[in-house]
Amino acid sequence: GDVISRLRKMTGNQSFYDDYELGSYINEGIRVWNLWTGYWRGSETLSSISGEFFYDTTLMKVLRVEVDSVPLEKDSIFNLDFGMANWQSVAPGTPIRWFPIGLNKIGLVPAPIVGMSLTLHGILAAPICTLRTDTIDASEDVIGAILNYAQHIASFKSGGADFDSSMTLLYKFVELAGIQNEKFKYTSIYRNSLGRDNEGMMHPQWKKTNDRSRRSK
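Here the structure is a predicted model, which means the values were calculated and not measured.

Asks: I would appreciate a short explanation of the packing of helix α2 (residues 19–37) against helix α4 (residues 140–158) in the present structure.
Replies: Each pair of packed helices can be described by the angle between their axes along with the distance between the axes. As a packed pair, α2 and α4 sit with axes 8 Å apart at the nearest point and diverge in direction by 125 degrees. Classed by the angle they form, the pair α2 and α4 counts as oblique. The chirality of how α2 crosses α4 is right-handed. Packed against α2, whose contacting residues are E21, Y25, I26, E28, G29, I30, V32 and W33, the element α4 presents V142, A145, I146, L147, Y149, A150, I153, A154 and K157 at the interface.

Structure follows, in C-alpha coordinates:
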(Lines give C-alpha, C1' and ligand atoms only; values in the text may rest on other atoms or scores of the structure.)
Protein backbone atom coordinates (compact mmCIF):
# COMPACT_ATOMS: atom_id res chain seq x y z
CA GLY A 1 0.00 0.00 0.00
CA ASP A 2 0.96 3.67 -0.09
CA VAL A 3 3.51 4.78 2.47
CA ILE A 4 1.35 7.48 4.08
CA SER A 5 -1.35 4.93 4.91
CA ARG A 6 1.29 2.56 6.26
CA LEU A 7 2.76 5.27 8.48
CA ARG A 8 -0.69 6.24 9.73
CA LYS A 9 -1.29 2.66 10.84
CA MET A 10 2.13 2.57 12.53
CA THR A 11 1.36 5.69 14.57
CA GLY A 12 -1.86 4.08 15.78
CA ASN A 13 -3.79 7.33 15.59
CA GLN A 14 -6.07 8.00 12.63
CA SER A 15 -6.80 11.67 13.38
CA PHE A 16 -3.79 13.07 15.27
CA TYR A 17 -1.76 13.58 12.06
CA ASP A 18 -2.92 14.84 8.67
CA ASP A 19 -1.57 13.54 5.36
CA TYR A 20 0.68 16.56 4.88
CA GLU A 21 2.40 15.97 8.21
CA LEU A 22 2.93 12.27 7.56
CA GLY A 23 4.21 12.97 4.05
CA SER A 24 6.72 15.50 5.37
CA TYR A 25 8.02 12.98 7.95
CA ILE A 26 8.45 10.36 5.22
CA ASN A 27 10.21 12.81 2.90
CA GLU A 28 12.62 13.75 5.68
CA GLY A 29 13.39 10.07 6.16
CA ILE A 30 13.97 9.62 2.42
CA ARG A 31 16.34 12.59 2.27
CA VAL A 32 18.32 11.53 5.34
CA TRP A 33 18.59 7.96 4.03
CA ASN A 34 19.90 9.14 0.67
CA LEU A 35 22.33 11.56 2.33
CA TRP A 36 23.76 8.84 4.58
CA THR A 37 23.80 5.98 2.07
CA GLY A 38 23.74 7.43 -1.47
CA TYR A 39 21.00 4.87 -2.12
CA TRP A 40 19.45 6.28 -5.30
CA ARG A 41 22.01 6.12 -8.11
CA GLY A 42 21.79 7.10 -11.75
CA SER A 43 23.58 8.73 -14.66
CA GLU A 44 23.29 11.76 -16.89
CA THR A 45 24.64 12.25 -20.39
CA LEU A 46 25.77 15.64 -21.65
CA SER A 47 27.19 16.83 -24.94
CA SER A 48 30.48 18.70 -24.77
CA ILE A 49 31.06 22.26 -25.90
CA SER A 50 34.42 22.98 -27.49
CA GLY A 51 36.78 24.62 -24.99
CA GLU A 52 34.29 24.48 -22.10
CA PHE A 53 35.87 23.21 -18.89
CA PHE A 54 32.86 23.30 -16.58
CA TYR A 55 29.54 21.45 -16.72
CA ASP A 56 26.46 21.61 -14.48
CA THR A 57 24.66 18.42 -13.50
CA THR A 58 21.30 17.47 -12.02
CA LEU A 59 22.98 14.73 -9.95
CA MET A 60 23.22 15.35 -6.22
CA LYS A 61 26.84 14.14 -6.26
CA VAL A 62 29.03 12.92 -9.12
CA LEU A 63 31.03 9.75 -8.45
CA ARG A 64 32.42 8.79 -11.89
CA VAL A 65 32.79 10.46 -15.29
CA GLU A 66 33.23 8.91 -18.74
CA VAL A 67 34.00 10.63 -22.03
CA ASP A 68 32.89 8.63 -25.07
CA SER A 69 32.59 5.60 -22.73
CA VAL A 70 36.19 5.95 -21.45
CA PRO A 71 36.49 6.46 -17.65
CA LEU A 72 38.43 9.52 -16.50
CA GLU A 73 40.78 9.83 -13.55
CA LYS A 74 39.39 11.88 -10.67
CA ASP A 75 41.46 14.89 -9.61
CA SER A 76 40.90 18.09 -7.63
CA ILE A 77 41.07 21.74 -8.59
CA PHE A 78 43.60 22.20 -5.76
CA ASN A 79 45.98 19.64 -7.31
CA LEU A 80 45.57 21.14 -10.75
CA ASP A 81 46.21 24.70 -9.57
CA PHE A 82 49.40 23.67 -7.75
CA GLY A 83 50.58 20.86 -10.01
CA MET A 84 49.65 22.16 -13.46
CA ALA A 85 49.15 25.89 -13.08
CA ASN A 86 48.44 26.44 -16.79
CA TRP A 87 45.71 23.78 -17.05
CA GLN A 88 43.14 26.34 -18.22
CA SER A 89 45.46 27.31 -21.11
CA VAL A 90 45.70 23.78 -22.55
CA ALA A 91 44.14 23.46 -26.00
CA PRO A 92 40.83 21.53 -26.22
CA GLY A 93 41.21 17.81 -26.78
CA THR A 94 40.21 14.51 -25.19
CA PRO A 95 39.79 14.93 -21.41
CA ILE A 96 41.84 12.63 -19.18
CA ARG A 97 40.82 14.02 -15.75
CA TRP A 98 37.69 15.29 -14.06
CA PHE A 99 37.27 17.16 -10.81
CA PRO A 100 34.25 18.14 -8.70
CA ILE A 101 33.32 21.76 -8.06
CA GLY A 102 30.86 21.62 -5.20
CA LEU A 103 28.10 19.05 -5.58
CA ASN A 104 26.41 20.00 -8.86
CA LYS A 105 29.25 20.96 -11.18
CA ILE A 106 32.35 19.24 -12.58
CA GLY A 107 35.38 20.29 -14.57
CA LEU A 108 37.30 18.44 -17.31
CA VAL A 109 41.00 18.64 -18.22
CA PRO A 110 41.78 19.32 -20.92
CA ALA A 111 38.54 20.95 -22.03
CA PRO A 112 36.82 18.70 -24.59
CA ILE A 113 36.27 19.39 -28.27
CA VAL A 114 32.72 19.77 -29.50
CA GLY A 115 30.28 16.86 -29.65
CA MET A 116 31.88 14.44 -27.18
CA SER A 117 29.56 12.33 -25.02
CA LEU A 118 29.99 13.07 -21.31
CA THR A 119 28.42 10.47 -19.03
CA LEU A 120 28.20 11.34 -15.35
CA HIS A 121 27.42 8.62 -12.81
CA GLY A 122 26.42 9.45 -9.27
CA ILE A 123 23.82 9.93 -6.58
CA LEU A 124 20.38 11.14 -7.61
CA ALA A 125 18.32 13.65 -5.69
CA ALA A 126 16.06 11.80 -3.26
CA PRO A 127 12.58 11.00 -4.60
CA ILE A 128 9.82 12.92 -2.84
CA CYS A 129 6.30 11.79 -1.97
CA THR A 130 3.70 14.43 -2.86
CA LEU A 131 0.48 12.43 -3.22
CA ARG A 132 -1.30 10.14 -0.80
CA THR A 133 -0.98 7.27 -3.29
CA ASP A 134 2.78 7.69 -3.83
CA THR A 135 5.12 4.77 -3.19
CA ILE A 136 8.90 4.69 -2.60
CA ASP A 137 11.13 3.14 -5.25
CA ALA A 138 13.22 1.07 -2.85
CA SER A 139 13.52 -2.41 -1.37
CA GLU A 140 11.11 -3.34 1.40
CA ASP A 141 13.79 -3.24 4.12
CA VAL A 142 14.72 0.31 3.11
CA ILE A 143 11.07 1.38 3.02
CA GLY A 144 10.64 -0.12 6.48
CA ALA A 145 13.66 1.80 7.77
CA ILE A 146 12.37 5.07 6.33
CA LEU A 147 8.95 4.49 7.91
CA ASN A 148 10.67 3.76 11.24
CA TYR A 149 12.45 7.10 11.01
CA ALA A 150 9.22 8.86 10.03
CA GLN A 151 7.39 7.33 12.99
CA HIS A 152 10.18 8.50 15.29
CA ILE A 153 9.88 12.06 13.94
CA ALA A 154 6.09 11.90 14.26
CA SER A 155 6.46 10.98 17.93
CA PHE A 156 7.89 14.45 18.62
CA LYS A 157 4.32 15.72 18.34
CA SER A 158 2.90 13.32 20.90
CA GLY A 159 5.98 13.39 23.16
CA GLY A 160 6.30 11.56 26.46
CA ALA A 161 6.42 7.78 26.45
CA ASP A 162 5.66 7.65 22.72
CA PHE A 163 8.82 9.56 21.96
CA ASP A 164 10.94 7.55 24.40
CA SER A 165 9.81 4.25 22.91
CA SER A 166 10.45 5.52 19.37
CA MET A 167 14.21 5.77 19.98
CA THR A 168 14.50 2.08 19.10
CA LEU A 169 13.09 2.92 15.65
CA LEU A 170 15.78 5.57 15.17
CA TYR A 171 18.51 3.11 16.17
CA LYS A 172 17.24 0.57 13.64
CA PHE A 173 17.27 3.23 10.92
CA VAL A 174 20.84 4.30 11.73
CA GLU A 175 22.13 0.73 11.99
CA LEU A 176 20.66 -0.26 8.62
CA ALA A 177 22.19 2.86 7.05
CA GLY A 178 25.55 1.68 8.41
CA ILE A 179 25.02 -1.72 6.79
CA GLN A 180 24.05 -0.08 3.51
CA ASN A 181 27.09 2.23 3.57
CA GLU A 182 30.05 0.85 5.52
CA LYS A 183 31.85 4.21 5.49
CA PHE A 184 28.95 5.79 7.37
CA LYS A 185 29.81 3.65 10.41
CA TYR A 186 33.02 5.60 10.88
CA THR A 187 31.35 9.01 11.10
CA SER A 188 30.50 10.97 14.22
CA ILE A 189 26.91 11.19 12.96
CA TYR A 190 26.60 7.40 13.20
CA ARG A 191 28.08 7.25 16.70
CA ASN A 192 26.12 10.22 18.02
CA SER A 193 22.85 9.01 16.49
CA LEU A 194 23.24 5.73 18.34
CA GLY A 195 23.83 7.62 21.57
CA ARG A 196 27.38 6.42 22.04
CA ASP A 197 28.33 9.74 23.61
CA ASN A 198 25.16 10.17 25.65
CA GLU A 199 24.86 8.00 28.76
CA GLY A 200 21.24 8.95 29.34
CA MET A 201 20.03 7.64 25.98
CA MET A 202 22.73 5.11 25.22
CA HIS A 203 21.85 2.45 22.67
CA PRO A 204 21.95 -1.04 24.24
CA GLN A 205 24.72 -2.07 21.86
CA TRP A 206 26.98 0.73 23.11
CA LYS A 207 25.84 0.35 26.72
CA LYS A 208 26.93 -3.31 26.82
CA THR A 209 30.31 -2.39 25.38
CA ASN A 210 30.70 0.44 27.88
CA ASP A 211 29.70 -1.73 30.83
CA ARG A 212 32.22 -4.42 29.88
CA SER A 213 35.01 -1.85 29.55
CA ARG A 214 34.21 -0.43 32.99
CA ARG A 215 34.26 -3.84 34.64
CA SER A 216 37.65 -4.59 33.10
CA LYS A 217 39.23 -1.48 34.69
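Asks: What should I look at first to understand the layout of surface pockets in this one?
Replies: If a probe as big as a water molecule is rolled over the atoms, it shows which places are left empty. Counted as a void, the largest pocket has a volume near 300 Å³. The wall of the largest pocket is formed by N34, L35, T37, G38, R41, M60, K61, L63, L103, I123, N181 and K183. Those elements that place two or more of their residues in the lining of the largest pocket are α2 and β3 (61–67). Among the elements that make up the lining of the largest pocket, the one with the highest residue count is α2 (three residues). Across the lining of the largest pocket, the residue classes tally to five nonpolar, four polar and three charged.

What counts and how
Residues numbered from 1 in each chain as written. Predicted model: local features only at pLDDT ≥ 70, side-chain atom pairs only at ≥ 80, totals over all residues. Heavy atoms only, no water. Axes fitted to C-alpha atoms, helices over the stretch in contact; angles between N-to-C directions. Helix = DSSP H or I, 4+ residues; strand = E, 2+ residues; numbered from the N terminus. Parallel < 35°, antiparallel > 145°, perpendicular 65-115°, else oblique. Left-handed = near helix turned anticlockwise from the far one by under 90°. Contact = heavy atoms within 4.5 Å. 1 Å grid on protein atoms, 1.4 Å probe; cavity = no way out; pocket = protein on both sides within 12 Å on 5 of 7 lines; lining within 4 Å. Points joined across faces, edges and corners; volume = space filled by probe spheres on them. Nonpolar A, V, L, I, M, F, W, Y, C, P; charged D, E, K, R; others polar.

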